[in-house]
Amino acid sequence: MAIRKRPLVVVTRKLPDSVETRMRELFDARLNLDDSPLSKAALIEAAKQAEIIVPTVTDKIDAALIAEAGPQLKLIANFGNGVDNIDVEAAVKKGIAVTNTPRVLTEDTADMTMALLLAVPRRLVEGASVLISGQEWTGWSPTWMLGHRIWGKRLGIVGMGRIGQAVARRARAFGLQIHYHNRRRVPVEIEEELEATYWESLDQMLARMDIISINCPHTPATYHLLSARRLKLIRPEAYVVNTARGEVIDENTLTRLIEAGEIAGAGLDVFEHEPAVNPRLVKLAKAGKVVLLPHMGSATVEGRVEMGEKVIINIRTFMDGHKPPDRVLPSTL
């Protein structure tokens, strides 16, 4: 019996050891052992040689790169929940399927969102830094390092998908009142479970909330969804938390409004021009006005292994001639 040739799979970043080992067992997998992001030229070379590419959010698979791909490239199996790093329409037009890894990072991202919801108003990072930065701490004081209570505050969730709903469930346990804006209203049973108030107008919701949580995907329709005009609607006492994508917020305007005291602060796990971080945001973080994290929302061992397992299932299903369970089409974006 002839042994079927294993497909050449190029993996652009280092993945968990168990995932890479399984890929080596199943495919002719070329791994990225030092975890350095591939250059544009290296990505193009991979597209010319590989039958399958496994990119991550750090890899821009745009129309120009896809145009350079060889005829053997048939699948882009993204290691990530979103696909904003891939021109899906260009890929599909060239006969290249695209998959992602949804329904894996919901709880991890919601946990991180909740952590920021607590950290920013309660000044947790600012307080912790006192004990490790060499500053003298003279002990408890009734008026020192005062933050704000979140119990009873109004939380406005922008994007009430799986992650938004998971955030809402956690926030309810902390006594927050749940409000949300979504392109489609969620079923009434979910609203009742979460005691959530729906706002058809994002503008009206933003103007009334104490905390805004961004939990929508980045698509052409959500680029700068929180525009300069909308950011100016937010109350001076309110906080903004973003664990979705940096491009959803006009970051320069958000920074300026926090500097001016027109927004109380922010907790950001993502940035508009990653991996670059606006130096003005860093300055605000040092002043205790914002909490900045290096895109850690999905960074759990369990989550990353599950992502890898989904990638493998998508590849195997595709290679067996079936529709991958997590195929992405332009019409679904």
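Worth saying up front: this structure is predicted, and the values here are computed from it rather than measured.

Our focus in this paragraph is the overall build of the protein. A count of helical and extended segments in the protein gives 13 helices and 12 strands. For the protein, whose C-alpha radius of gyration is 22 Å, the value lies close to the compact-globule estimate of 20 Å for 333 residues. Across its three principal axes, the protein shows a C-alpha extent of roughly 80 × 50 × 35 Å. Expressed as a percentage of the 333 residues in the protein, the buried residues total 49%. Once local pairs closer than 6 in sequence are excluded, the contacts in the protein between residues at least 24 apart make up 62%. Total accessible area on the protein is roughly 16,900 Å²; 54% of this is exposed by carbon and sulfur atoms. When the 43 positive and 41 negative side-chain charges of the protein are each reduced to one mean point, those points stand 2 Å apart.

Attention shifts here to helix α11 (residues 251–259). Listing the buried residues of α11 in full gives E251, T253, L254, T255, L257 and I258. The elements touched by buried residues of α11 are α10 (228–231), β10 (239–242), β11 (265–268), α12 (279–286) and β12 (290–292).

On to a nonpolar patch on the surface. On the surface, a nonpolar cluster with roughly 520 Å² of combined accessible area is contributed by L131, I132, W137 and W144. Within the element layout of this structure, L131 appears in helix α6 (residues 124–132).

The next point concerns the domain arrangement of the protein. Partitioning the protein into structural domains gives domain 1 (8–100 + 301–332) and domain 2 (105–292). Of the residues lining the interface, six residues belong to domain 1; the matching set on domain 2 comes to five residues. Approximately 490 Å² of surface area, both sides summed, lies buried where domain 1 meets domain 2, with 48% of it carried by carbon and sulfur atoms. Taken together, the connections running from domain 1 to domain 2 amount to one salt bridge. Taking the shortest distance from any N to any O, the salt bridge between R245 and D84 comes out at 3.3 Å. For the pair domain 1 and domain 2, the number of links is two residue pairs in polar contact (both at pLDDT 80 or more). Class assignment for the residues of the side of domain 1 that touches domain 2 results in two nonpolar, three polar and one charged.

One pass over the full model with this rule turns up one aromatic pair. Ring centres of Y180 and Y198 lie 5.1 Å apart, and the angle between their planes is 45°; on these two criteria the pair is classed as tilted. Of this pair, Y180 sits in strand β7 (residues 177–181) while Y198 sits in strand β8 (residues 197–198); the two residues are 18 residues apart in sequence, bridging distant segments of the chain.

Secondary-structure assignment places V88 in helix α4 (residues 88–93). What makes V88 buried here is its relative accessible area of 2%. Spatially, the C-alpha atom of V88 lies 32 Å from that of A266, the residues being 178 residues apart in sequence.

Tracing the chain through its elements places R230 in helix α10. Reaching out from R230, the side chain makes a polar contact with the backbone oxygen of L225 at a distance of 3.0 Å. When sequence neighbours within four positions are dropped, the list of residues in contact with R230 reads L202, D203, L206 and L225.

Attention now moves to the sheet that holds strand β3 (residues 52–54). The five strands lie next to each other as β2-β1-β3-β4-β5, forming an open sheet whose pairing is parallel. Each edge of the sheet is formed by a strand with only one pairing partner; in this case those strands are β2 (28–30) and β5 (97–99). Going from strand to strand, the sheet's axes swing by 15° on average, the running direction of each strand aside. Here strand β1 (residues 8–11) pairs with β2 via three bridges, running parallel. Across the sheet, residue V9 finds its bridge partner in β2, namely A29.

As a further point, take the pattern of salt bridges. One pass over the full model with this rule turns up 22 salt bridges. Between E107 and R170 there is a salt bridge, with its nearest N and O atoms 2.7 Å apart. Pair noted here: E107 is in helix α5 (residues 106–122) and R170 is in helix α7 (residues 162–173), with a separation of 63 residues, a long-range link. Residue classification places E107 among the partly exposed positions, given a relative accessible area of 44%. For the salt bridge of E191 with R185, the shortest nitrogen-to-oxygen distance reads 2.7 Å. Look at E191 and you get buried, because its relative accessible area is 10%. The network of salt bridges with shared partners includes K14, D17 and E20.

Okay, the pairing of β1 next. Regular strands place their side chains on alternate faces of the sheet. Side chains L8 and V10 project from β1 onto one buried face, and the interleaved V9 and V11 project onto a second face that is buried too. A crossover links β1 with its parallel partner β2, the connecting element being helix α1 (residues 17–26), and its sense is right-handed.

Parameters at a glance
- Residues numbered from 1 in each chain as written.
- Predicted model: local features only at pLDDT ≥ 70, side-chain atom pairs only at ≥ 80, totals over all residues.
- Heavy atoms only, no water.
- Helix = DSSP H or I, 4+ residues; strand = E, 2+ residues; numbered from the N terminus.
- Rg over C-alpha atoms; globule rule 2.2 N^0.38 Å.
- Buried < 20%, exposed > 50% of the residue type's maximum accessible area, 1.4 Å probe, protein only.
- Contact = heavy atoms within 4.5 Å.
- Areas by Shrake-Rupley, 256 points an atom, 1.4 Å probe, with all protein chains shown as cover.
- Lys, Arg positive; Asp, Glu negative; His and termini not counted.
- Charge placed at Lys NZ, Arg CZ, Asp CG, Glu CD.
- Patch = residues over 30% accessible without salt bridge, like charges linked within 9 Å, V, L, I, M, F, W, Y side chains within 5 Å.
- Salt bridge = Lys/Arg side-chain N within 4 Å of Asp/Glu carboxyl O.
- Domains from an automatic or database assignment.
- Buried area = accessible area lost by both parts, 1.4 Å probe.
- Polar contact = N/O pair within 3.5 Å; in protein donor to acceptor, adjacent residues only side chain to side chain.
- Nonpolar A, V, L, I, M, F, W, Y, C, P; charged D, E, K, R; others polar.
- Phe/Tyr/Trp six-rings, centres within 6.5 Å; stacked < 30°, edge-to-face > 60°.
- Pairing = 2+ DSSP bridges.
- Axes fitted to C-alpha atoms, helices over the stretch in contact; angles between N-to-C directions.
- Right-handed = clockwise from strand over helix to strand, strands pointing away.

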